[in-house]
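# A structural walkthrough
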Amino acid sequence: MTTSQALIKNFLGNSPVWYKQAIVLFLILNPILLVTAGPVVTGWILIFEFIFTLALALKCYPLQPGGLLAIEAIIIGLAGPETVYHEVQANLEVILLLMFMVAGIYFMQSMLLWTFTKLLLNVRSKMLLSLMFSLFAAILSAFLDALTVTAVLISVGVGFYAVYHKVASGKHFHHDDHDHGDDDHVHEDKHETLAQFRAFLRSLLMHGAVGTALGGVCTLVGEPQNLLIAQKAGWDFVQFFLLMAPVTMPVLVAGLLTCMALEKLKWFDYGSEIPASVRKVLEDYSAEQDKKQTKRDKMVLMVQVLVALFLVMALAFHLAAVGLIGLTVIILLTAFNGIVEEHQIGKAFEEALPFTALLVVFFAIVSVIHEQHLFQPIIAAVLEMDEAVQPGIFFIANGFLSAISDNVFVATVYINEVVAALEAGTISREQFDLLAIAINTGTNIPSVATPNGQAAFLFLLTSALAPLIRLSYGKMVWMALPYTIVMSLVGYFAVTNFL
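The notes below deal with the structure included here. On a predicted model such as this, the values are computed, not experimentally measured, just so you know. (Residues numbered from 1 in each chain as written. Predicted model: local features only at pLDDT ≥ 70, side-chain atom pairs only at ≥ 80, totals over all residues. Heavy atoms only, no water.)

### Things to note about the overall build of the protein
Our working definition: Helix and strand definitions follow DSSP, with helices as H or I runs of at least four residues and strands as E runs of at least two, each counted in order from the N terminus. The quantity called the radius of gyration is restricted to C-alpha atoms. Its globule counterpart is 2.2 Å times the number of residues to the power 0.38. Exposure categories follow from relative accessible area, calculated using a 1.4 Å probe and restricted to protein chains: below 20% of the type maximum is buried, above 50% is exposed, and the middle band is partly exposed. Note on definitions: a residue-residue contact is assigned when non-hydrogen atoms from the two residues lie within 4.5 Å. Each accessible area is a Shrake-Rupley estimate made with a 1.4 Å probe; only the visible protein chains count as cover when residues are assessed.
Regarding its fold elements, the protein presents 24 helices and 0 strands. Computed over its C-alpha atoms, the radius of gyration of the protein comes to 23 Å, within 12% of the 23 Å expected for a compact globule of 499 residues. With the principal axes as the frame, the protein shows a C-alpha extent of 70 × 65 × 45 Å. Counting only residues that meet the buried cut, the protein has 55% of its 499 residues in that class. If you take every contact in the protein between residues at least 6 apart in sequence, the share linking residues at least 24 apart comes to 77%. Element-wise, carbon and sulfur atoms account for 67% of the exposed surface of the protein, whose accessible area totals about 21400 Å².

Here it is as structure tokens:
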């Protein structure tokens, strides 16, 4: 093997050759486009290139190819390192949340798996179970945050999958060295059952993920941009909820009805039941876990329950930044449950830190949007329209831009422009309130269309669970499509008729 062949082989590891060629092509094309077509066209092309890396996350984790694109964007001057640092600074709370809260949830795994196993085994109706997952995610997201709720769902999904995968591979529950990402040892007659179980978990996780969006839009603390919009508008918690309710409540009802309809009609890859043999394995696992519990095991569960209650209260009353609460959870759970070795603690961060790094790369792409004013013409065009149609158009524009970039960034750009228009006397206070509601609902509801639209969806796509249950970018878009259509139409109708 020559030096050049070794370099090509090492570049992006085991990714397909065509994928490597595409990334190299992007890297060559961008500087040429900058010179010939200008920074605005190059900026838009860069966004779609980055979306390409997200769409093929199962071929190669997006951090490396997306990172190369981001580094090149800074080198050729589409964004400055200072702007990227400013974006990171502005989103420090989200970064701390990912680093510490997700790791905190890791130390609650045994309690979460025990709780959800009981729920799964006692609720026989798939429709009711899906509805419970969606409603559970919506309620928690309204008072906590979508990423924390998604971390819980991912932890539960991995737990269920790992239990059955061990048995399907001919091992027993107590085998700790099993790799549930390797299907080589799965018995031939178990492959079909495993595929059905994956479909069952995919549908539950997607119902739960959409639930985080349904709840997150309702309250001041549900999503990061909600708090920003409320601060700019001067709304408190109750005001925010009541002003959003004419839009958020119909959308919540429509989302839950869509969940039930999808399970009933078995459309868009929904409706898969849990195989009888998998249910039997989980029942045996649950019985064995209950039987072999020692006093210490029960005390571990008790500590996890108490810390979970503390977590809910601390988040509900906003005792500190979410990430700092997560760090508190880690300290409490490890201290009282005897987890004191560095390598034991390190495992908890394996899930969150790659995604945290990816998020910082994402902020670099957002910096390009900011510095090149890519969304500015759209905002200016909407503000020049008749006031009666502005809220509806804002809802559509925010939804589209959020789906291709990031809902927090879009909300930030739009609300700042609307505040400037209010201060300049271009719009009235009443119109400002209507537009602020349209911005909040527009960035939260239609953005479920793609995984990059919402951080919780992107977190699910890039989690360790996604490849296990074969949840790709395209699959997520397909499964979110009915929700996107129904929720967006109901949201648009509510914005244009109920406000």
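Moving on, there is more to tell.
### Focus on a nonpolar patch on the surface
Condition: Patch rule: a residue counts if its relative accessible area is over 30% and it has no salt bridge; like charges are joined within 9 Å, and nonpolar side chains (Val, Leu, Ile, Met, Phe, Trp, Tyr) within 5 Å. Salt bridges are identified by distance alone: a Lys or Arg side-chain nitrogen within 4 Å of an Asp or Glu carboxyl oxygen.
A surface patch of nonpolar side chains, about 620 Å² in accessible area, is lined by Leu135, Ile139, Phe143, Phe237, Val238, Phe241 and Leu242. Listed by contribution, the elements that provide at least two residues to the nonpolar patch are helix H8 (126–143) and helix H12 (237–265). Top element by residues in the nonpolar patch is H12. It accounts for 4 residues. With respect to the helices and strands, leucine 135 occurs in helix H8.

### Structural notes on the environment of methionine 476
Along the chain, the position of methionine 476 falls in helix H24 (residues 473–497). Relative accessible area serves as the criterion here: at 1%, methionine 476 is assigned to the buried category. Placed 375 residues apart in sequence, methionine 476 and methionine 101 show a C-alpha to C-alpha distance of 24 Å. In this structure methionine 476 touches Met206, Pro451, Phe457, Leu460, Leu461 and Leu471, once residues within four positions along its chain are discounted.

### A closer look at the pattern of salt bridges
Considering all chains together, one arrives at 6 salt bridges under this definition. Where lysine 280 meets aspartate 284, a salt bridge forms, and the shortest distance between an N and an O atom there is 3.0 Å. Residue lysine 280 and its partner aspartate 284 are located together in helix H13 (residues 276–291), separated by 4 residues, close to a single helical turn. Among the residues examined, lysine 280 registers a relative accessible area of 45% and is labelled partly exposed. Taken together, the salt bridges that share partners define one network made up of Arg202, Asp269 and Lys475.

### Things to note about the packing of aromatic side chains
This is how the line gets drawn: Stacked, tilted and edge-to-face pairs are distinguished by plane angle, under 30 degrees for stacked and over 60 for edge-to-face with tilted covering the rest, among Phe, Tyr and Trp rings (Trp via its six-membered ring) whose centres lie within 6.5 Å.
Tallied over the entire structure, the rule returns 12 aromatic pairs. Summarising the aromatic geometry, the rings of tryptophan 235 and phenylalanine 240 are spaced 6.2 Å apart at their centres and angled 65° between planes, so their arrangement reads as edge-to-face. Owing to a relative accessible area of 7%, tryptophan 235 belongs among the buried residues under this scheme. On the basis of an interplanar angle of 90° and a centroid distance of 5.5 Å, the ring pair of phenylalanine 493 and phenylalanine 498 is categorised as edge-to-face. By relative accessible area, phenylalanine 493 is classed as partly exposed at 46%. Among the aromatic residues, ring-to-ring pairing joins Trp18, Tyr19, Phe26 and Phe52 into one connected group.

### As for the nonpolar core
Let me state the cut-off plainly: Residue types Ala, Val, Leu, Ile, Met, Phe, Trp, Tyr and Cys, when buried and joined through side-chain atoms within 4.5 Å, form a set referred to as a nonpolar core.
Membership of the largest hydrophobic core comes to 159 residues, with the highest contact counts inside it found for Met108, Phe160, Met206, Trp235 and Phe394. Setting aside chain neighbours within four positions, we find phenylalanine 160 in contact with Leu113, Phe116, Thr117, Leu120, Phe197, Leu201 and Leu282.

### Points about the side chain of asparagine 444
For clarity, the threshold we go by: Between N or O atoms, a polar contact is any pair within 3.5 Å; within protein, one atom must be a potential hydrogen donor and the other a potential acceptor, and residues adjacent in sequence are included only when both atoms are from side chains.
Relative to the elements of secondary structure, asparagine 444 occurs in helix H21 (residues 429–444). Only 3.1 Å separates the side chain of asparagine 444 from the side chain of asparagine 226, close enough to count as a polar contact. Every residue in contact with asparagine 444, bar those within four places of it in the chain, is listed here: Ala213, Val217, Glu223, Gln225, Asn226, Asn407 and Gln454.

### Overview of helix H4 (residues 63–75)
What counts here: One fewer than the residue count of a helix, multiplied by 1.5 Å, yields its expected span.
The end-to-end C-alpha separation of H4 is 18 Å, in line with the 18 Å expected for 13 residues at 1.5 Å each. If you check which residues of H4 are buried, you get Pro65, Gly66, Gly67, Leu69, Ala70, Glu72 and Ala73. Buried residues along H4 sit against helix H2 (17–36), helix H3 (39–55) and helix H17 (352–371). Once H4 finishes, glycine 77 follows within two positions and takes phi at roughly 90°, a positive value.

### A look at unusual backbone geometry
In the Ramachandran plot, phenylalanine 268 falls in the positive-phi region, its phi being about 55° despite a non-glycine side chain. Note that phenylalanine 268 resides in the loop between H12 and H13.

### What to know about the side chain of glutamate 49
Heads up, the rule is: By the counting scheme adopted, Arg and Lys are positive, Glu and Asp are negative, and His together with the chain ends is not counted.
Along the polypeptide, glutamate 49 turns up in helix H3. Put simply, glutamate 49 is tucked away with no salt bridge, and the nearest opposite charge, on lysine 20, sits 19 Å away. With near-sequence residues (within four places) excluded, glutamate 49 lies in contact with Phe26, Asn30 and Leu69.

### Quick notes on the environment of serine 125
Relative to the assigned elements, serine 125 resides in the loop between helix H7 (109–122) and H8. Here the side chain of serine 125 touches leucine 128 through a polar contact of 3.2 Å, landing on its backbone nitrogen.

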